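Residues per chain, in single letters:
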Amino acid sequence: AVQHAQNQNFAPGSLSYLNSTLESIVDCGKTYDAVIASEVVEHVNDPKTFLINCCTVLKPGGQLFVSTMNRTPAAYLLAVVGAERVINLVPPGTHDWSKFLTPEEVVGTIEAENVLCEFVSGMMYNPLFDHWKLCSSTDVNYMLVASKSEGSLDPESSKSS
């Protein structure tokens, strides 16, 4: 990541890298303009707590981007059976279908944290061309974009000096 930033000619000190857990970031009260959870929700121990923590570290007005897999029979067949056992795209055991969340579960979880969903779209992967595209069906993969209400309390701004 550091090498990539250097190749992009970012101003020195304009980026920082943190090797940490999300829980540690929540504990220290740090907040961010954007949080991206791309194809990670279905791999964490507690997906709903992970999403709540993503919302916690989001500044008011900040945006949350989530992409994950739906808990449907189609997702099980394509992601678990197809990707893991038929075409060996990922190692067996990579996906635990019980951790997949429906779009409604993700939206309900984040909106309870005052992070309002603005966009949901299905995503389709073509393994022959290693290409993703948006689609209307959220049956297997989907993404969403949400924004934290400006009126939300920012833990950093509420700290006393």
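Keep in mind it's a predicted model, so treat the numbers as computed, not measured.

Quick look at the pattern of salt bridges
Okay, step 1: Applying the stated criterion to the full structure yields two salt bridges.
Okay, step 2: Between K59 and D33 there is a salt bridge, with the nearest N and O atoms lying 3.7 Å from each other. Of this pair, K59 sits in strand β2 (residues 58-69) while D33 sits in strand β1 (residues 32-38), and the two are 26 residues apart along the sequence.
Okay, step 3: Assessed through its relative accessible area of 26%, K59 is described here as partly exposed.
Okay, step 4: Judged by its relative accessible area of 55%, D33 falls in the exposed class.

Thoughts on a nonpolar patch on the surface
Okay, step 1: Nonpolar side chains collect at one region of the surface, where V2, F10, L15 and Y17 lie side by side and expose about 390 Å² of accessible area between them.
Okay, step 2: Along the polypeptide, Y17 turns up in the loop between α1 (2-7) and α2 (22-28).

With respect to the pairing of strand β3 (residues 115-126)
Okay, step 1: Looking at chain direction, β3 and strand β5 (residues 141-148) are connected through eight bridges and run antiparallel. Note on β5: the bridge partner recorded for S121 is M143.
Okay, step 2: As paired elements, β3 and strand β4 (residues 131-135) share five bridges and run antiparallel to each other. Within β4, the position partnered with N126 by the bridge is H131.
Okay, step 3: Between the end of β3 and the start of β4, which pair antiparallel, lie four residues, with D130 showing a positive phi angle near 50 degrees.

Comments concerning the nonpolar core
Okay, step 1: Residues L64, I110 and L144 are the most contacted members of the largest nonpolar core, which totals 22 residues.
Okay, step 2: Listing elements by their share of this core, those giving two or more residues are α2, β1, α3 (47-56), β2, α5 (103-111) and β5.
Okay, step 3: Of all the elements, α3 adds the most residues to this core, at four residues.
Okay, step 4: With residues up to four places along the chain from it excluded, the contact list for I110 reads L51, C55, L64, V115, L144 and A146.
Okay, step 5: Residues A75, A79, F100 and V140 belong to the second largest nonpolar core, which totals six residues.

Examining the packing of aromatic side chains
Okay, step 1: On inspection of all chains with the given rule, the structure shows two aromatic pairs.
Okay, step 2: Aromatic pair Y76 and W97: ring centres 6.0 Å apart, planes at 80 degrees, arrangement edge-to-face. Here Y76 is found in helix α4 (residues 73-86), whereas its partner W97 is found in the loop between α4 and α5, with 21 residues between them in sequence.
Okay, step 3: Look at Y76 and you get partly exposed, because its relative accessible area is 30%.
Okay, step 4: Taking the relative accessible area as the measure of exposure, W97 reaches 32% and is therefore partly exposed.
Okay, step 5: Between Y125 and W132, the aromatic rings sit 4.9 Å apart at their centres with planes inclined by 40 degrees, giving tilted as the arrangement.

The rules behind each value
- Residues numbered from 1 in each chain as written.
- Predicted model: local features only at pLDDT ≥ 70, side-chain atom pairs only at ≥ 80, totals over all residues.
- Heavy atoms only, no water.
- Salt bridge = Lys/Arg side-chain N within 4 Å of Asp/Glu carboxyl O.
- Helix = DSSP H or I, 4+ residues; strand = E, 2+ residues; numbered from the N terminus.
- Buried < 20%, exposed > 50% of the residue type's maximum accessible area, 1.4 Å probe, protein only.
- Patch = residues over 30% accessible without salt bridge, like charges linked within 9 Å, V, L, I, M, F, W, Y side chains within 5 Å.
- Areas by Shrake-Rupley, 256 points an atom, 1.4 Å probe, with all protein chains shown as cover.
- Pairing = 2+ DSSP bridges.
- Core = buried A, V, L, I, M, F, W, Y, C linked by side-chain atoms within 4.5 Å.
- Contact = heavy atoms within 4.5 Å.
- Phe/Tyr/Trp six-rings, centres within 6.5 Å; stacked < 30°, edge-to-face > 60°.

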